[in-house]
2 protein chains.
Amino acid sequence: MGQGRVVSSRRVYDGRVVQLDVDEVDEPGGVRATREVVRHQGSVAVLPVHADGRIVLVRQYRYPVDREVWEIPAGRRDLGEEPLEAARRELEEEAGLRPAHLEPLVEYDTSPGFCDEVMHLFRATSLQSVPPRPDDDERIEVVAFPLEVAQAMVAAGEIRDAKTILALTLEAVRERSKP
Amino acid sequence: MGQGRVVSSRRVYDGRVVQLDVDEVDEPGGVRATREVVRHQGSVAVLPVHADGRIVLVRQYRYPVDREVWEIPAGRRDLGEEPLEAARRELEEEAGLRPAHLEPLVEYDTSPGFCDEVMHLFRATSLQSVPPRPDDDERIEVVAFPLEVAQAMVAAGEIRDAKTILALTLEAVRERSKP
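Anyway, here's the lowdown on the structure attached to this text. Predicted, not measured: the structure shown is a model, and the values here were computed from it.

### Some thoughts on the packing of aromatic side chains
Residue and element names in this part refer to chain A. Counted according to the given criterion, the structure contains two aromatic pairs over all chains. With centroids separated by 5.2 Å and ring planes inclined at 85°, the aromatic side chains of Trp 70 and Phe 145 adopt a geometry described as edge-to-face. Separated by 75 residues along the polypeptide, Trp 70 in strand β6 (residues 67-71) and Phe 145 in strand β10 (residues 141-145) bring together distant segments of the chain.

Written as structure tokens, this is what we have:
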């Protein structure tokens, strides 16, 4: 860890969701390079699985892709918020679901080439319905699908979101590993 | 498509890898919101699979996470470059491999909440060795692993890259689907 030596750093944008730095760096192996880095405080996402195997997706408009997006409940972590707590919060706010079990699936870097965002992915089961509490700028539809239907939506290009495709694929591996 | 109405747009950074826009948008459902959007010209990634089932990973330093990263060969598309051609180019440049077969696996949005990057993921087989041609600012190690070893590296947190974890998980599903 901490292998690069920062020669100079310039913050070109400090926003609500992202910060952008342009850094001059001496990297291992003797490379001096200018790197554009999007800084992000980290995200969580949750695959909710009902007792009958149906998984829950939410649908909302996402301006960067200018389209309604099917995805698993997800969001940014608040400052200092533990991933597990953030996952529990997003699942309630976006999908109106409270899980008795919340299992970590995998933790990963979303785009290590230009961004420091870390994603914590969870699997939620034993789901109880509670009133959803979307943010002021969120309009969210919540639908439960059989896993095979969601997989067909991936194959058809109707689900295009990275974390959602990964979560569904992990669930397919789990299904196929059952004795 | 094209559901949001842009009220105003401000480009706060125009770089080599990313652009950053801060846009005021009227979104479907009557929401007016300020959105920070990282613009990216799109990426490709390739899972190379040898005839014996071993998969090929490359290891290189990635400044945004300040760490050596194990990942499948990948990179940005050049302007106007077809995804398939970009995948072929990156596989040769980074891993020194030329595939007889290059199959599209999935196309997805890496982070639709704040970024418009589209990733095209491929699977390469019938691999022939050629001299690698890394960029001036790249120092790359190339290693072939059995799939089970790579999966163990994911479980141990040694592989943390999103596209790589997705590609390995898709490969595991394919393996388990074999008759």
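Resuming the write-up.
### Notes on the pairing of strand β4 (residues 43-48) of chain B
Residue and element names in this part refer to chain B. With six of six residues buried, β4 is to be regarded as a mostly interior element. Because side chains alternate across β4, one face comprises the buried residues Ser 43, Ala 45 and Leu 47, and the other comprises Val 44, Val 46 and Pro 48, equally buried. Across three bridges, β4 lies against strand β7 (residues 74-76) in antiparallel orientation. By the bridge assignment for β7, Ala 45 is matched with Ala 74. Direction of pairing for β4 relative to strand β9 (residues 118-129): parallel, over a ladder of six bridges. Note that in β9 the partner of Pro 48 across the bridge is Ala 124.

### A few points about the interface of chain A and chain B
Each partner contributes to the interface: chain A provides 63 residues, whereas chain B provides 63 residues. A combined buried area of about 5,700 Å² lies between chain A and chain B, and 60% of that area is made up of carbon and sulfur atoms. Run the count over chain A and chain B and you get six salt bridges. The partner of A:Arg160 in a salt bridge is B:Glu107, with the nearest N and O atoms 3.0 Å apart. Between the two partners, chain A and chain B, sit 26 residue pairs in polar contact (both at pLDDT 80 or more). Where the side of chain A that touches chain B is concerned, the elements lending two or more residues are β1 (5-14), β2 (19-27), β3 (31-39), β5 (55-62), β6, β8 (97-109) and α3 (162-177) of chain A. At nine residues, α3(A) tops the list of elements feeding residues into the side of chain A that touches chain B. Taken together, the residues of the side of chain A that touches chain B break down into 30 nonpolar, 12 polar and 21 charged.

### A word on the sheet that holds β6(A)
All names here are of chain A. Taken in spatial order, the three strands line up as β6-β5-β10 in an open sheet, and their pairing is antiparallel. Unpaired on one side and paired on the other, β6 and β10 mark the two borders of the sheet. Geometrically, the sheet is characterised by an average inter-axis angle of 25° between neighbouring strands, direction not taken into account. Strand direction decides the pairing type here: β5 and β6, joined by five bridges, are antiparallel. The residue bridging Tyr 61 from the neighbouring strand is Glu 68, located in β6.

### A closer look at the layout of surface pockets
Which parts of space are left empty comes out when a probe the size of a water molecule is rolled across the atoms. Considering only enclosed or pocket space, the second largest pocket measures out at about 380 Å³ in volume. Lining the second largest pocket are 14 residues, and of these A:Val154, A:Thr169, B:Leu105, B:Val106 and B:Leu170 sit closest to its centre. Going through the elements one at a time, α2 (147-155) and α3 of chain A together with β8 (97-109) and α3 (162-177) of chain B are the ones with two or more residues in the lining of the second largest pocket. A total of four residues in the lining of the second largest pocket trace back to one element, the largest contributor, which is α3(A). For the lining of the second largest pocket, a count of residues per class yields nine nonpolar, three polar and two charged.

Rules used throughout
Residues numbered from 1 in each chain as written. Chains lettered and ligands numbered in written order. Predicted model: local features only at pLDDT ≥ 70, side-chain atom pairs only at ≥ 80, totals over all residues. Heavy atoms only, no water. Phe/Tyr/Trp six-rings, centres within 6.5 Å; stacked < 30°, edge-to-face > 60°. Helix = DSSP H or I, 4+ residues; strand = E, 2+ residues; numbered from the N terminus. Buried < 20%, exposed > 50% of the residue type's maximum accessible area, 1.4 Å probe, protein only. Pairing = 2+ DSSP bridges. Contact = heavy atoms within 4.5 Å. Buried area = accessible area lost by both parts, 1.4 Å probe. Salt bridge = Lys/Arg side-chain N within 4 Å of Asp/Glu carboxyl O. Polar contact = N/O pair within 3.5 Å; in protein donor to acceptor, adjacent residues only side chain to side chain. Nonpolar A, V, L, I, M, F, W, Y, C, P; charged D, E, K, R; others polar. Axes fitted to C-alpha atoms, helices over the stretch in contact; angles between N-to-C directions. 1 Å grid on protein atoms, 1.4 Å probe; cavity = no way out; pocket = protein on both sides within 12 Å on 5 of 7 lines; lining within 4 Å. Points joined across faces, edges and corners; volume = space filled by probe spheres on them.

Function cannot be read off these values alone, since they describe shape.
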